[in-house]
Structures are given as structure tokens and as C-alpha cells.
Amino acid sequence: MALKRVLPLRTVVATSVGLALASSSFVAAVQVASFVAGDAAWLAILVAGVLCTLAALCFAELNGMLPSAAGLRLWLGRAFGPGVALTVSLLYMGVLTGIVGVESYVISHIMVVVLPFWSPAVWIVLMLAFVTLLNLRGVKLAGNFQDLVTYAVLCSLVVMAAAGLARGHGSLTTPLSPGSVEGFIRAVAVGIFLFVGFEWVAPLAEEVTEVRHISRGMLVAVGILGVTYALFTVAMTSLVPKGALATSATPQVLFAGRAFGAAGVVWMAVLSLAASLKTFNAGLISVSRFMYATAREHALPSVFARLSYRYFTPWVAILTLFVVAVALSLGVLWTGRYLVLVNMAAAVESVVYALVGLSVIVLRRKEPDLARPFFVPGGMIVPLVTVVVFGVLAAAVLATDRRALLCLVLGLLLAAAYVRLVVPRLRERARRARLARRRQA
Amino acid sequence: MTKVASHDEISKSLRAFVDGYNRNARLKAMNRDWNRTVLVQATDIPSQHTLVLRDGELTLLEGAAGEADLTVTAGSDLLADLFAGEITPTEPYLDGRLKVLGREEDIIRLDFISLMIWGE
């Protein structure tokens, strides 16, 4: 009997690119540029892309072996046990919520430039409320909408970058000399943030016509993202002074204004809004479904497993996330410290990629007989390099930002303590309730 | 050693699931517009069943019938326990023993139905 699985490769690529392509990416792109000399940011971005390709190969092997919407949680659980898997997943979801905070900060500032009659705080609440409403009603910004928006944003960015470079007459400052080795490593480390999310396409493994589409889609997406970001970042730094870009939360708008005037600003605002709505929607869906599944296995309070009887969406989890996202976004707006969240996301993402590489190694030894439709070539070289490189990159990011390091350590300790102390109690309570129900029945 | 359930035991659990569903008027009303075909297959014994949901009514068929919207695959013992409400689907799903293929919203709906029939 055939399964009516529907998503084609085109949509897998669009989903992978779309999840990584956010308004806040340009803030990180400028940070990459600030670590290197002249207009050499493209080198660091392409190197970050190549490194993410190594991680994508590891994701592809795990996804082919165990295709599931549970993705990372399942692979880490099989490799290191359920406790480690839950701890890392909690931290990962926390950081994902943090990205929504950064994204709303950036997009609210862009909206204020174009439509200045509301303050950034009002824009934040309005946009998050809109996406929350979509989520509560079970509307997914996916499929054809996702394809259309992603490919439109990509084409626009490439055309704007080419036109911007042409306006600067292609005169670049030391495009092949990135400066110090230390600066370059830091640039590559922050460059990882630009690709954050390409792997979130893995949960679609249950919805594609061929599981191999996910592996191919991730690799194609990383390539497209690398080239687009590299071009656009060089165009930005060649036309606008780095100092001005670095002090702005909306560098892409500065560039668009300089290159194309008011029309460029409006078009960039439209692109950014579309990209942000996609990011919000994907972020809220991922985290709320994670909360639902975690509550169903009694690792979070059961209230988060409540589903709407009308739309079959986890409404308590979605509303809780709305409150947390608004609080976080307003906190970022108030303090202006969005780069801490960017660095935390880059570091956690690097740690997750390193763990994925390690999972490939562990599972090859632990479960050698499991069918692997995709096998990373070259023996253990790629997973080993993935572990080492991403471990070093995580350390490099955290070495530049003590606040991010402190927040991350605190987050990890909290998640570990929760898994060790609270989860067993929740499970025991659920077991007793189940027994009591059976006795009554 | 892994326990193995028979095809008849899986059939019995699935019948309990179908009866539980069809006794629940609220569930039937909620799923009136959710027409789906679910293939349930065991990995360790030759056993296939099809659950067909049409206009709110759930029926059980022997073997594979038609094109499935969802496939539920697991060991026979797990399937028997799962559809009898002895265990919740989340834990085996998260550790990879239970595989469910289909659209995410359909998977959540099926989980919801199981929650409504058997409780947490």
C-alpha cells in the first residue's frame, strides 16, 4: 500500500533555506564582516557553509537511518540515552525561542523605519500575536507559500547584491585577505548563525516522497545560503562603512537605502517581514510541538499537552510561548543586547552539530546493523572533523562573549537539573494517576 | 528476549480501539470532516490492518486496503499494547520503536484520538 506523502524536493530545499533565512541573519553577517579585514567576509561565510555541509552529511546519515519528526531527540537518545537527549533538546528549544526574540527586535526596527506611527514594542506584540493566532488555528505557512516567499527573497537578495556591487563599481578592499587567523576563526564561528535552521527540515522526513530528498535538500540549501549570504554581505560592506552597519540593528535596510533609495528600503522591509513571519511561524510550531510531545511523555506538566478540540493544536503550549516570546523580545528591546542571543544561538548550534557528528560515530558502533540509506563517505573522517571543528567553533564564539557563555552555562545547568530532579516526579505522578484511573475503571 | 504478539492479539486491540472510538459521540463529531486511511503494520510478524475513518465513523479492515494517509509501524507486541491503551504512543515514538509516517497534523490528530479514548 502506497503512502500519500506529498512534499517534493523543491519544497524541502525551500523549507531548509527558509528556516535559516531570517531578518536577524544580516546582523550576524555584519558581525562576521567586523571580525575580518576589508571585504573578505565572503571567505568566512563560505568556510562556515562548507563546515555546515559536513554537519549536513552527518544529519543525512542519521535521518536516513531513523527518519522521524522527533529528529534530534531520537538520534541523541539512541546514542547517549534519554536524559542527555532531553537536556540538549530543552536547551536547543530555549535558544530557538531566543532567536524569535532577536528576530522580533530586528523586524520591529525595520517596520518603524517604514511605518513610524507605532513603536517597536507595539510592532513586536502585533506580529507575534498574528503568528500565534495562525498557530492556534493550525495554519501553516508552508508548501507553496513557503516556496514562493523563499525563492522570491533569495532572488531579490542576489539581484540587490549584484546591483549594489555594480554601483560600487566592484571596487572591493582586500577581498582575499581576511586578516588575523584569530579574527577569521571568530568570523567563521559567528558565520554558523547564518545557517542556523537548515537542519530543521529533518522532521519533514515523515512527509516527503523519498527520505533521500531531505539529505539532498539540506546540502543544496546550505550551498544556496552560503553563496547568497556571501554575495550580499560583501555588497553591504562595499557600499556602507562597516562602522555604520555594526551599530545598526537593520544593516540590510541601510544597504538597501544607500543602493536603491526609498524604494529599496520599502522592498527590503517587505522581504524582511516575509522572512520574519516565516521564522516566527516555524519557531512557534517547532517549540510548541516539542512542548506537546514532551508533556505527552510526562517530562513537562500535562497542561502543555492540551489540544484545541476545534483545531487540534496545542493551545496552552502556543499561548505560553507567545507570552515568553513577547517577554523575551521586550527584554531584548529594553536592553538592546540582541548579540548575546545571536552568539548563544551560534554556540548552541555548533554544540548540536558536534553532538550530531558524535552520534554518527557512536551509532555506527552501537547499532551497526541498522539500515543506512545514506552513509557518509570516508569512514569516520567527516563525523570526527565535524565533532572537532564545531567544538572549537563553539568555544571561539563563547570566548568573544562572556555574557553568552554565562547564560549558556546557566541554561545547561537548569535543563540538567530539571531533567534529573523534576522529570522523575512528573512521571511518577502520571504513573500513579494512570493506576488510579485503571482501578476506578 | 523481545515479546511477540500474534496477529489475532493485534486485531483484538484494534477492535477495542475502534469500539472505544465509535462509543465516543464527541470524537465522532470532531472527526466528521477528517477522512483518513491508516495502515497498521507489524515489523516482526506478517500482520497488516487498515483503519478507515469516513464521515466520523471508524472501521477496521484486515490487510492493506487502498492508499494510506498514515502508516503506523512497530513490533507486534508494541502495537497490541498501544491500541489497547496499555501504553502511550509518545515514548516508543521518541525512542524510535514506533514509526508513524504521514503529515504532522494527521499524526497529532491520531495521537489526540488515542488520548481521548485511553486517557494520558
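Residues numbered from 1 in each chain as written. Chains lettered and ligands numbered in written order. Predicted model: local features only at pLDDT ≥ 70, side-chain atom pairs only at ≥ 80, totals over all residues. Heavy atoms only, no water.

### Brief notes about the interface of chain B and chain A
Inference 1: In this assembly, 40 residues from chain B lie in contact with 28 residues from chain A.
Inference 2: The junction of chain B with chain A conceals about 3200 Å² of combined surface from both sides, 56% of it contributed by carbon and sulfur atoms.
Inference 3: Viewed at the interface, chain A and chain B are joined by two salt bridges.
Inference 4: Between Arg296 of chain A and Asp111 of chain B there is a salt bridge, with the nearest N and O atoms lying 2.6 Å from each other.
Inference 5: Taken together, the connections running from chain B to chain A amount to three residue pairs in polar contact (both at pLDDT 80 or more).
Inference 6: For the side of chain B that touches chain A, the secondary-structure elements that each account for two or more residues are helix H2 (25-30), strand S1 (36-42), strand S4 (70-74), helix H4 (90-94), strand S5 (99-101) and helix H5 (104-118) of chain B.
Inference 7: Top element by residues in the side of chain B that touches chain A is H5 of chain B. It accounts for ten residues.
Inference 8: Considering only residue class, the side of chain B that touches chain A consists of 17 nonpolar, twelve polar and eleven charged. (Contact = heavy atoms within 4.5 Å. Buried area = accessible area lost by both parts, 1.4 Å probe. Salt bridge = Lys/Arg side-chain N within 4 Å of Asp/Glu carboxyl O. Polar contact = N/O pair within 3.5 Å; in protein donor to acceptor, adjacent residues only side chain to side chain. Helix = DSSP H or I, 4+ residues; strand = E, 2+ residues; numbered from the N terminus. Nonpolar A, V, L, I, M, F, W, Y, C, P; charged D, E, K, R; others polar.)

### Quick notes on the state of the cysteines
Residue and element names in this part refer to chain A.
Inference 1: Evaluation of the coordinates by the stated rule reveals zero disulfides over all chains.
Inference 2: Cysteine Cys52 remains unbridged, with the sulfur of Cys58 as its closest cysteine sulfur at 12 Å.
Inference 3: Using a relative accessible area of 0% as the deciding quantity, one classes Cys52 as buried. (Disulfide = S-S within 2.5 Å. Buried < 20%, exposed > 50% of the residue type's maximum accessible area, 1.4 Å probe, protein only.)

### Here's the deal with the layout of surface pockets
Rolled over the atoms, a probe as big as a water molecule pinpoints where empty space is left.
Residue and element names in this part refer to chain A.
Inference 1: Counted as a void, the second largest pocket has a volume near 790 Å³.
Inference 2: Forming the walls of the second largest pocket are 28 residues, and the residues nearest its centre are Leu90, Leu91, Met93, Gly94 and Val95.
Inference 3: Among the secondary structure elements, those contributing two or more residues to the lining of the second largest pocket are helix H5 (82-114), helix H11 (251-296), helix H12 (315-335), helix H13 (338-366) and helix H15 (402-440).
Inference 4: In terms of residues, the lining of the second largest pocket owes the most to one element, H5, which gives eight residues.
Inference 5: Of the residues in the lining of the second largest pocket, the class split is 23 nonpolar, five polar and no charged. (1 Å grid on protein atoms, 1.4 Å probe; cavity = no way out; pocket = protein on both sides within 12 Å on 5 of 7 lines; lining within 4 Å. Points joined across faces, edges and corners; volume = space filled by probe spheres on them.)

### A closer look at the confidence of the model for chain B
Inference 1: For chain B, the average pLDDT comes to 91, and 98% of its residues sit at 70 or higher.
Inference 2: For this predicted complex, the interface confidence score (ipTM) comes to 0.84, while the overall pTM stands at 0.86. (pLDDT = per-residue confidence, 0-100.)

### Examining the packing of aromatic side chains
Inference 1: All told, the structure shown has 16 aromatic pairs over all chains when counted by the stated rule.
Inference 2: Taken together, a centroid distance of 5.1 Å and an interplanar angle of 85° make the contact between Phe312 of chain A and Phe112 of chain B edge-to-face. Here Phe112 of chain B lies in helix H5 and Phe312 of chain A lies in the loop between H11 and H12, a pairing that spans two chains.
Inference 3: Judged by its relative accessible area of 8%, Phe312 of chain A is buried.
Inference 4: Taking the relative accessible area as the measure of exposure, Phe112 of chain B reaches 1% and is therefore buried.
Inference 5: Three or more aromatic residues joined by ring pairs form one cluster here, namely Phe26, Phe195, Tyr229, Phe232, Phe255 and Phe260 of chain A.
Inference 6: It is Arg364 of chain A that lies over the ring of Phe375 of chain A; its NZ or CZ is 4.1 Å from the centre.
Inference 7: The cationic tip of Arg109 of chain B hangs over the ring face of Phe312 of chain A; the distance from NZ or CZ to the ring centre is 3.6 Å. (Phe/Tyr/Trp six-rings, centres within 6.5 Å; stacked < 30°, edge-to-face > 60°. Lys NZ or Arg CZ within 6 Å of the ring centre and 35° of its normal.)

### Overview of the sheet that holds S1 of chain B
All names here are of chain B.
Inference 1: Ordered by their spatial adjacency, five strands build an open sheet running S3-S2-S1-S4-S5, and the pairing between neighbours is mixed. On the outer flanks of this sheet lie strand S3 (57-62) and S5, each paired with one strand and no other. Strand-to-strand, the axes of this sheet are offset by a mean angle of 15°, without reference to chain direction.
Inference 2: When S1 meets S4, the two strands line up parallel, connected through five bridges. Within S4, the position partnered with Ala42 by the bridge is Ala74.
Inference 3: Running over the sheet, H5 touches S1, S4 and S5 and is turned about 60° from S4. (Pairing = 2+ DSSP bridges. Axes fitted to C-alpha atoms, helices over the stretch in contact; angles between N-to-C directions.)

### Section: the pairing of strand S2 (residues 48-54) of chain B
Residues and elements named next belong to chain B.
Inference 1: Judged by how many residues are buried, S2 sits mostly within the fold: five of seven residues are covered.
Inference 2: Where S1 lies against S2, six bridges are found, and the strand directions are antiparallel. Bridge pairing in S2 places Val38 opposite Leu51.
Inference 3: Counted along the chain from S1 to the antiparallel partner S2, the turn is five residues long.
Inference 4: Of the pairings in the sheet, the one linking S2 to S3 comprises six bridges and is antiparallel in character. When the bridges of S3 are listed, Arg54 appears paired with Glu57.
Inference 5: Where S2 folds back on S3, the antiparallel hairpin that results is connected by two residues, among which Asp55 adopts a positive phi of roughly 50°.

### Examining helix H6 (residues 120-136) of chain A
Think of an α-helix as 3.6 residues a turn; residues three or four steps apart then line up on the same face.
Residues and elements named next belong to chain A.
Inference 1: Taking 1.5 Å of rise per residue, the 17 residues of H6 would be expected to cover 24 Å, and the 24 Å separating its terminal C-alpha atoms lies within 8% of that figure.
Inference 2: Residues of H6 that are buried include every one of Pro120, Trp123, Ile124, Met127, Leu128, Val131, Thr132, Leu134, Asn135 and Leu136, and no others.
Inference 3: If you follow the buried residues of H6, they end up packed against H5, H11 and H12.
Inference 4: Positive phi appears at Gly138, one or two residues downstream of H6, with a value of about 75°. (Expected span 1.5 Å × (residues − 1).)

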